[in-house]
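Structural description and commentary
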Amino acid sequence: MKAENRRSLRLLVTGGGTGGHTYPALTTVGAVREQAAARGLDLDVLWVGTASGLEARIAAENGIPFRAIKAGKLRRSPNMRELLTNLADMFRIPVGVLQAFGVAARYRPDVVLSTGGYVCVPLGLAARALGRPLVMHEQITSLGLANRILSRFATRVALTHPSSIEHLPASARGRAVVTGNPVRTHLLHGDAASARRHFGLSPELPLIYVTGGAQGSRQINTMVEAILPSLLTRAQVLHQCGPDWIAQLTRAADGLPAELRQRYQPVPYVGDELADVFAATDIVISRSGAGTIAELTAVGKPSVLIPLVPSAGDEQRQNARYLVESGAARALLENGPRADQLLVELDVLLGDQAARAHMAAAARSLSRVDAAGVLAKVILEEVHVTDLT
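The structure contained in this document is the topic of the report that follows.

Some points on the overall build of the protein
The helix and strand inventory of the protein stands at 15 helices and 13 strands. Rg of the C-alpha trace for the protein: 22 Å, near the compact-globule value of 21 Å for 389 residues, within the 12% margin. Across its three principal axes, the protein shows a C-alpha extent of roughly 65 × 55 × 35 Å. Out of the 389 residues belonging to the protein, those deemed buried represent 52%. For the protein, the share of sequence-separated contacts (at least 6 apart) that also reach a separation of at least 24 residues comes to 66%. Across the protein, the mean location of the 41 positive side-chain charges is 7 Å away from that of the 34 negative side-chain charges.

The following block contains the structure:
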């Protein structure tokens, strides 16, 4: 197709608040761009979210135009403090709805992708009111409140897990398709040697990578700190602890015996190096959110999971149990797990390389590395050819 005859496909993306909503959207945008180009189409993207959400930063870092709107979150079981927040959010909701209709009407998207978070509701409703196709993607097994609302209006409902179909309203089940959860493709192509050079790691010792998310986890951080003197006699640890914890854990590192100090590397955040870190890692200690599970299975890493309890619908514990039953992970599923329990689980894996290899293979068998491509195909199927002429 000649350049002057190329048509731009307008994709409006909405979703965010957390990495679990944001990164699948970003990965899918890339897959849509590739598939659109193969059809002779340029891709024009507008991401709509909240100014304070992770999506604003991620869109800017990736050169995607971004529009912020107001959004309110209604908490279904609020405490007294959250009741006041609910009242404030009730005033934001109608403003956000008006803003959403204005953005959608001006942009006139060919298709809308919603990946979850309360900011999606006004955009999704605006899209359908304007007659635009809406593809909704759900990362977790049980639907979040926003997606439960949008599933009634979406033209296609994309799911990570087949079991999620039973959580849909009956009227939406015929529009459901299981795509898996998109994972950032660069995570699949890490260089272990690069990670070792960057963080000063030894190729001779097993590497344990600890992460509790971008901000870190108090529970995981304190448990790991408590077992360092014993754990470091058998392994080295790269600990992504979050910016609020780096000072405390650096002091903990400085207090270790000299022969162990170099085996422990606390860092506030792991960014572009994550693919290399995964490639070098033997065992991961982490939460068990939907995005984390998708990444661990895609890269095929044994893990010891410490679910966030409580989480919506007890989702994290369900995710962890699924990996454990599949032979892909070990987990501390009880409320209030102890540091010594974590050490026991790690000792089992550190002492059995064959068990780690078996868990890695089991994890890979659960992955859907083609999820972004499958979801992109679903999105493009919703675009009417006549709209692009």
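Observations concerning the pattern of salt bridges
Inspection of the entire model under this criterion finds 13 salt bridges. Two residues, Glu382 and Arg156, come together in a salt bridge whose shortest N-O distance is 3.5 Å. In this pair, Glu382 is assigned in the segment after α15 (371–381) and Arg156 in strand β6 (residues 156–159), connecting sequence segments 226 residues apart. Judged by its relative accessible area of 14%, Glu382 is buried. Of the charged contacts, one joins Asp314 and Arg317 as a salt bridge, the two residues approaching to 3.1 Å between their closest N and O atoms. On the basis of relative accessibility, which here comes to 15%, the residue Arg317 falls in the buried class. Several salt bridges share partner residues, and in doing so they unite Arg156, Lys377, Glu381 and Glu382 into one network.

Some points on the pairing of β6
Alternating positions in β6 separate into two faces, Arg156 and Ala158 on one and Val157 and Leu159 on the other, with burial throughout. As paired elements, strand β5 (residues 134–138) and β6 share 4 bridges and run parallel to each other. Pairing of His137 across the sheet is with Ala158, part of β6. Handedness of the β5-helix α5 (residues 145–150)-β6 crossover: right-handed. Where β6 lies against strand β7 (residues 176–178), 3 bridges are found, and the strand directions are parallel. Note on β7: the bridge partner recorded for Val157 is Ala176.

Quick look at the sheet that holds β7
The sheet built from 7 strands is open, its strands ordered β3-β2-β1-β4-β5-β6-β7 with parallel pairing. Each having just a single partner strand, β3 (66–68) and β7 make up the two edges of the open sheet. Along the sheet, successive strands turn relative to each other by an average axial angle of 25 degrees, direction set aside. The sheet contacts of helix α4 (residues 120–129) involve β1 (7–14), β2 (41–49), β4 (111–114) and β5, and relative to β1 the element is tilted by about 140 degrees.

With respect to the sheet that holds strand β10 (residues 264–267)
Pairing is parallel in the open sheet, where 6 strands are placed in the order β10-β9-β8-β11-β12-β13. Looking at which strands have only one partner, the edges of the open sheet turn out to be β10 and β13 (329–331). Shown here is a sheet whose adjacent strand axes are inclined to one another by a mean of 15 degrees, direction ignored. Pairing of strand β9 (residues 236–240) with β10 involves 4 bridges; the strand directions are parallel.

Observations regarding helix α12 (residues 315–325)
Of all the residues in α12, the buried ones are Glu315, Gln316, Arg317, Asn319, Ala320 and Leu323. Remark: Gly327 follows α12 within two positions and exhibits a positive phi of approximately 80 degrees.

Notes on the packing of helix α1 (residues 19–38) against α15
Where α1 contacts α15, the two axes come as close as 8 Å, and the packing angle between them is 60 degrees. Of the possible angle classes, the one that applies to α1 and α15 is oblique. Remark: the crossing between α1 and α15 carries right-handed chirality. Within the contact between the two elements, α1 uses Thr27, Thr28, Ala31, Val32, Gln35 and Ala36 and α15 uses Ala372, Gly373, Leu375, Ala376, Lys377, Ile379 and Leu380. The residue makeup of the contact of α1 with α15, split by class, is 8 nonpolar, 4 polar and 1 charged.

Thoughts on the environment of Val304
Secondary-structure assignment places Val304 in strand β12 (residues 303–305). We classify Val304 as buried; its relative accessible area is 0%. With sequence-adjacent residues up to four places away left out, Val304 is seen in contact with Ile283, Val284, Ile285, Ser286, Arg330, Leu342, Glu345, Leu346 and Leu349.

A look at a nonpolar patch on the surface
Taken together, the side chains of Leu145, Ile149 and Phe153 make up a nonpolar region of the molecular surface, amounting to roughly 220 Å² of accessible area. Residue classification places Leu145 among the partly exposed residues on the basis of a relative accessible area of 31%.

A few points about the packing of aromatic side chains
Within the structure shown, the criterion is met by 1 aromatic pair. Between Tyr209 and Phe278, the aromatic rings sit 6.1 Å apart at their centres with planes inclined by 90 degrees, giving edge-to-face as the arrangement. Here the residue Tyr209 occupies a position in strand β8 (residues 207–211), and Phe278 occupies one in helix α10 (residues 274–280), the gap between them amounting to 69 residues. We note Arg184 situated over the ring of Tyr23; from NZ or CZ to the ring centre the distance is 4.0 Å.

Conventions and cut-offs
- Residues numbered from 1 in each chain as written.
- Predicted model: local features only at pLDDT ≥ 70, side-chain atom pairs only at ≥ 80, totals over all residues.
- Heavy atoms only, no water.
- Helix = DSSP H or I, 4+ residues; strand = E, 2+ residues; numbered from the N terminus.
- Rg over C-alpha atoms; globule rule 2.2 N^0.38 Å.
- Buried < 20%, exposed > 50% of the residue type's maximum accessible area, 1.4 Å probe, protein only.
- Contact = heavy atoms within 4.5 Å.
- Lys, Arg positive; Asp, Glu negative; His and termini not counted.
- Charge placed at Lys NZ, Arg CZ, Asp CG, Glu CD.
- Salt bridge = Lys/Arg side-chain N within 4 Å of Asp/Glu carboxyl O.
- Pairing = 2+ DSSP bridges.
- Right-handed = clockwise from strand over helix to strand, strands pointing away.
- Axes fitted to C-alpha atoms, helices over the stretch in contact; angles between N-to-C directions.
- Parallel < 35°, antiparallel > 145°, perpendicular 65-115°, else oblique.
- Left-handed = near helix turned anticlockwise from the far one by under 90°.
- Nonpolar A, V, L, I, M, F, W, Y, C, P; charged D, E, K, R; others polar.
- Patch = residues over 30% accessible without salt bridge, like charges linked within 9 Å, V, L, I, M, F, W, Y side chains within 5 Å.
- Areas by Shrake-Rupley, 256 points an atom, 1.4 Å probe, with all protein chains shown as cover.
- Phe/Tyr/Trp six-rings, centres within 6.5 Å; stacked < 30°, edge-to-face > 60°.
- Lys NZ or Arg CZ within 6 Å of the ring centre and 35° of its normal.

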